[in-house]
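Structural characterization, general
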Amino acid sequence: MAVSSIHQKWENLRRQIEQHNYRYHVLDDPEISDVEYDKLFRQLIELEETHPALKTPDSPSRRVGAPPLAKFGSVTHRSLMLSLDNAMNRDELIAFDGRLKRALDSQDEITYIAEPKLDGLAISLVYENGLLSTGATRGDGRTGEDITQNLRTIHTIPLRLQGQAVPPIVEIRGEVFIEKEQFKKLNRKREEAAEPAFANPRNAAAGSLRQLDSSVTAERPLKFFAYELTSAEGINYTSHGESLEQLQKWQVPVNPNISNCTNIEEAIAYYEEWEENRNTLPYEIDGVVIKVNSTSEREQLGIKSRSPRWAISGKFKAQQATTVVEDIVPSIGRTGAVTPVAHLQPVNVGGVIVSRATLHNQDEIDRKDIRTGDTVLIQRAGDVIPEVVKVITEKRPDEAVKYILPEECPSCGAEVIRPEEEAVARCHNISCPAQVKGRIEHFASKRALDIDGLGSKVVSQLIESGLVYSFADLFYLSKEQLLGLERMGDLSAQNLIDAIDTSKETTLARFIYGLGIRNVGEHVADVLARKYRSLEVLMDSTAEELEAVDEVGPIVAESIVSFFGSKENRDTIRRCLSGGVFLSVPETPEKTDLAVRGKTFVFTGKLEQFTRQDGEEMVRNLGGRAAKSVSSKTDFIIAGTGAGSKLIKARKLNITVLNEDEFLALMS
Ligand code: IVH
């Protein structure tokens, strides 16, 4: 193909992908399916692979992260990054309007633009000739950190401003944030990986942006809204409203909840409305920002040392209140974590009645010295469970004594164990009623015993009717018993019995995984099955023996030992085996293929000749490891049709890419 037509093709693809990106990430209104999008993306990658000169910094293929940095560079902002004065209530907003009218020497109503004040992280973006050139944190307002690589990974930040005649230099300010739902998901994932959870969405956003390895940032669900167009060389906008419209024309995301107000009363109505409805937004806001609309009025008003005179933040009332701790009650989570919870005298916190607050763990209780009877200051941040900020010690009753978590599980009476160097105490009894439902669901899940038809509702019914106390009881159920359950017909009952029967013949690895031992995921379960080849031997092994196994560290070893140390757990396992569970053991590791053994494989895209799960099993059978995400530790990536960001990342890291046939050849 002639150079010019290759370039044309690339340009065309890039534009299409940018448009679909914008429709998907900003407008939330995709026009094509994911598969179609992946196809375009792959074409772009292929073209760029064969013609590396096309890999420009604004290519959509550049959003997956770049090689890690040793440290961030610093950036001097083109103009100061200002902060805002606060108004705490309606009167202070009226006073603000009065001040402005006096300064402008006019009694005419001032037109304002009111915006949600997002609780994330302020950033500055500079575009040179339409291309994103620098992205930075606020820092001290004068200089910030250069986080361009990280900001490139945020899909809603355009790498190129769309449209004709973009000014040579454009500077935009806005907020990077994480939505509340995504924040919860991220924390759940971190907990599963035994990483510390983020305290709130703001910290999660900040932590994600300050990563030296941008491929970590790329995996975080960050979003962006622009709120100021600070400069667009050569253009003078007469109002803020007009500049926001311009931003949207360039396809820069702007918060859709921004509103025009013809006077301060309308702005106050906006403030009061969002104070009332803040919880309906998918992200957290801590107030609203009220800004003078007219550019000439802004210029007349000017700035003070750190903040503009023409804007103010209307802060919401603190989501804090004082109340009394009536009781401290341990609560047992699905995985056995024992969390002390304060039962409070009900109190109104920012419009919501609160009667519980988490005390996290014994260390937190000790550090804050929280006792039953104490008067405490509590706070609520968005959807996060309320917590105790501090004790008002002056109000402590004389009889209040220090609280210590019980040594026995309040639900089942088993011993509560807190491993050294861990903050969380746990009940390790897998038949503990407080944990049973989640444990049974995990045991029956696809990658464990794979019991078809044992959904969440049926599990609840089985527990509530007293038919099942632990997952071992599943193997003793009869069809007649099932027929006694509500809405359980003859056919479903028979199907479930058959599925349980089929599940009895399983592998040692699946069974170990299904036990739900903390820190033992699918991969570790597989390693243990290969090494021990016998459940009995594994159950009796010591921490030292376990630590000698490749990929088992002290934390995993400790989890395993304390799991099998519980008499209740051993009994449950025995009951499974007596109920007919038969565990097959994998081939010996000696038989494994050297090309595969110890190597890490990642599958991506749509596979035609085998399922992803089968592929992973083949890898494990030969002593390899199957992972879900690409990192520098990945050895092979198997790319099916429509492979997208994982493939790009793999190419960047120089990882061997195999197609299905090549993979099958390697396996045989
Ligand atoms: S305007 C000169 N608008 O609030 C104007 N700020 O203290 C300066 N913020 O950390 C900011 N939403 O990141 C503006 N719609 C909005 C905002 C907003 C959140 C943050 C900003 C900064 C703080 C200002």
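As the structure is a computational prediction, the values presented were derived from the model and not from experiment. (Residues numbered from 1 in each chain as written. Predicted model: local features only at pLDDT ≥ 70, side-chain atom pairs only at ≥ 80, totals over all residues. Heavy atoms only, no water.)

Notes on the overall build of the protein
Per the secondary structure count, the protein includes 24 helices and 24 strands. Classification of the 668 residues of the protein by burial places 48% in the buried group. A sequence separation of at least 24 residues applies to 68% of the contacts in the protein between residues at least 6 apart. Carbon and sulfur atoms form 49% of the exposed surface of the protein, whose accessible area is close to 32,400 Å². (Helix = DSSP H or I, 4+ residues; strand = E, 2+ residues; numbered from the N terminus. Buried < 20%, exposed > 50% of the residue type's maximum accessible area, 1.4 Å probe, protein only. Contact = heavy atoms within 4.5 Å. Areas by Shrake-Rupley, 256 points an atom, 1.4 Å probe, with all protein chains shown as cover.)

What about the site of the ligand?
In the region of the ligand, 14 residues are neighbours, and Glu-115, Ala-122, Glu-175, Tyr-227 and Lys-291 sit closest. Within the backbone of Leu-118, one N or O atom sits 3.2 Å away from a nitrogen atom of the ligand. With respect to the ligand, the side chain of Tyr-227 contributes an N or O atom lying 2.7 Å from an oxygen atom. Contact with the protein chains hides 86% of the accessible area of the ligand, taken as 520 Å² for the molecule alone. Looking at the shell around the ligand, the elements that each hand over two or more residues are β3 (112–118) and β10 (285–292). Considering each element in turn, the shell around the ligand owes the most residues, four residues, to β3. Looking at side-chain class alone, the shell around the ligand contains nine nonpolar, one polar and four charged residues. (Near = heavy atom within 4 Å. Polar contact = N/O pair within 3.5 Å; in protein donor to acceptor, adjacent residues only side chain to side chain. Nonpolar A, V, L, I, M, F, W, Y, C, P; charged D, E, K, R; others polar.)

Regarding the pattern of salt bridges
Per the stated rule, a full pass over the model turns up 48 salt bridges. The partner of Lys-117 in a salt bridge is Asp-286, with the nearest N and O atoms 3.6 Å apart. Note that Lys-117 is positioned in strand β3 and Asp-286 in strand β10, a separation of 169 residues in sequence. Across the pair Arg-396 and Asp-369 runs a salt bridge, and its minimum N-O distance is 3.2 Å. Taken together, the positions of Arg-396 in the loop between β16 (387–391) and β17 (416–417) and Asp-369 in the loop between α11 (362–368) and β15 (375–379) put the pair 27 residues apart, joining distant regions of the chain. A cluster of three or more residues bridged by salt bridges with shared partners is formed by Glu-11, Arg-14, Arg-15, Glu-18, Asp-58 and Arg-160. (Salt bridge = Lys/Arg side-chain N within 4 Å of Asp/Glu carboxyl O.)

What to know about the environment of Leu-485
By the secondary structure assignment, Leu-485 is in the loop between α14 (479–483) and α15 (490–503). When the C-alpha positions of Leu-485 and Ile-285 are compared, they lie 46 Å apart, and in sequence the two are 200 residues distant.

Here we look at the nonpolar core
As a rule of thumb, nonpolar side chains are buried together in soluble globular proteins. Within the largest apolar cluster, 55 residues are counted, with the highest numbers of intra-cluster contacts made by Leu-454, Leu-474, Phe-511, Ile-512 and Leu-528. If you list the elements that add at least two residues to this core, you get α12 (433–444), α13 (456–464), α15, α16 (508–514), α17 (522–532), α18 (535–539), α20 (554–564) and α21 (567–578). Here this core gets six residues from one element, more than from any other, and that element is α17. Those residues in contact with Ile-512 that sit more than four places away from it in its chain are Ile-517, Val-520, Ala-525, Leu-528, Ala-529, Leu-535 and Leu-538. With 35 residues, the next largest nonpolar core counts Leu-151, Leu-161, Val-166 and Phe-224 among its residues. (Core = buried A, V, L, I, M, F, W, Y, C linked by side-chain atoms within 4.5 Å.)

Quick look at the packing of α12 against α13
A packed helix pair is summarised by two numbers, namely the angle formed by the two axes and the spacing between the axes. Across the interface, α12 lies against α13 with an axial gap of 10 Å and an inter-helix angle of 135°. When the axis of α12 is compared with that of α13, the two are oblique. Once α12 is placed against α13, the crossing between them reads as right-handed. Where α12 approaches α13, its residues Val-436, Lys-437, Ile-440 and Glu-441 are matched on the opposing element by Ser-456, Val-459, Ser-460 and Ile-463. (Axes fitted to C-alpha atoms, helices over the stretch in contact; angles between N-to-C directions. Parallel < 35°, antiparallel > 145°, perpendicular 65-115°, else oblique. Left-handed = near helix turned anticlockwise from the far one by under 90°.)

Quick notes on the sheet that holds strand β21 (residues 600–604)
Taken together, four strands build an open sheet; the order of strands is β22-β21-β23-β24 and the sheet is parallel. Both edges of this open sheet fall to β22 (625–627) and β24 (656–658), since each of them pairs with a single strand only. Across the sheet, the mean angle from the axis of one strand to that of its neighbour is 30°, orientation sign disregarded. Running over the sheet, helix α23 (residues 645–652) touches β21, β23 (636–639) and β24 and is turned about 145° from β23. (Pairing = 2+ DSSP bridges.)

Examining unusual backbone geometry
Even without glycine at this site, Asn-519 takes up a positive phi of about 70°. Structurally, Asn-519 is set in the loop between α16 and α17. For Asn-519, a relative accessible area of 23% gives the class partly exposed. Unusually for a residue other than glycine, Asn-654 sits at a positive phi of about 60°.

Details of the packing of aromatic side chains
Scanning the model with the defined rule gives 16 aromatic pairs in all. Each member of the aromatic cluster is reached from another via a ring pair, and the members are Phe-601, Phe-603, Phe-610, Phe-636 and Phe-663. Lying across the ring of Trp-310, Arg-298 places its NZ or CZ 3.8 Å from the centre. Just above the ring of Tyr-476 sits the side chain of Arg-575; from NZ or CZ to the centre is 4.6 Å. (Phe/Tyr/Trp six-rings, centres within 6.5 Å; stacked < 30°, edge-to-face > 60°. Lys NZ or Arg CZ within 6 Å of the ring centre and 35° of its normal.)

A look at the sheet that holds strand β7 (residues 169–178)
One key point about sheets: their strands pair by backbone hydrogen bonds, in either a parallel or an antiparallel sense. One open sheet accounts for four strands, arranged β5-β4-β7-β8; its pairing is antiparallel. Strands with a single pairing partner mark the edges of an open sheet, and in this sheet they are β5 (131–137) and β8 (222–232). Neighbouring strand axes in the sheet, compared pairwise and without regard to direction, differ in orientation by 30° on average. In the sheet, β7 pairs with β8 via nine bridges, with the strands oriented antiparallel. The residue bridging Ile-178 from the neighbouring strand is Leu-222, located in β8.

Remarks on the environment of Ile-258
Summarising the element assignment, Ile-258 is placed in the loop between α8 (240–249) and β9 (259–261). Given the relative accessible area of 21%, Ile-258 is considered partly exposed. Residues Ile-258 and Ile-113, 145 residues apart in the sequence, show an inter-C-alpha distance of 7.1 Å. In this structure, Ile-258 is in contact with Ile-113, Ala-114, Glu-115, Pro-116, Leu-244 and Tyr-270, ignoring residues within four places of it in sequence.

So, the side chain of Thr-148
By the element assignment, Thr-148 lies in helix α4 (residues 148–152). There is a polar contact of 3.1 Å between the side chain of Thr-148 and the backbone nitrogen of Gly-135.

Things to note about the side chain of Arg-570
One can find Arg-570 in helix α21. Of the residues examined, Arg-570 reaches a relative accessible area of 18% and is grouped as buried. Looking at Arg-570, its side chain comes within polar contact range of the main-chain oxygen of Met-539, at 3.3 Å. Residues contacting Arg-570, with those up to four places away along its chain left out, are Met-539, Asp-540 and Phe-564.

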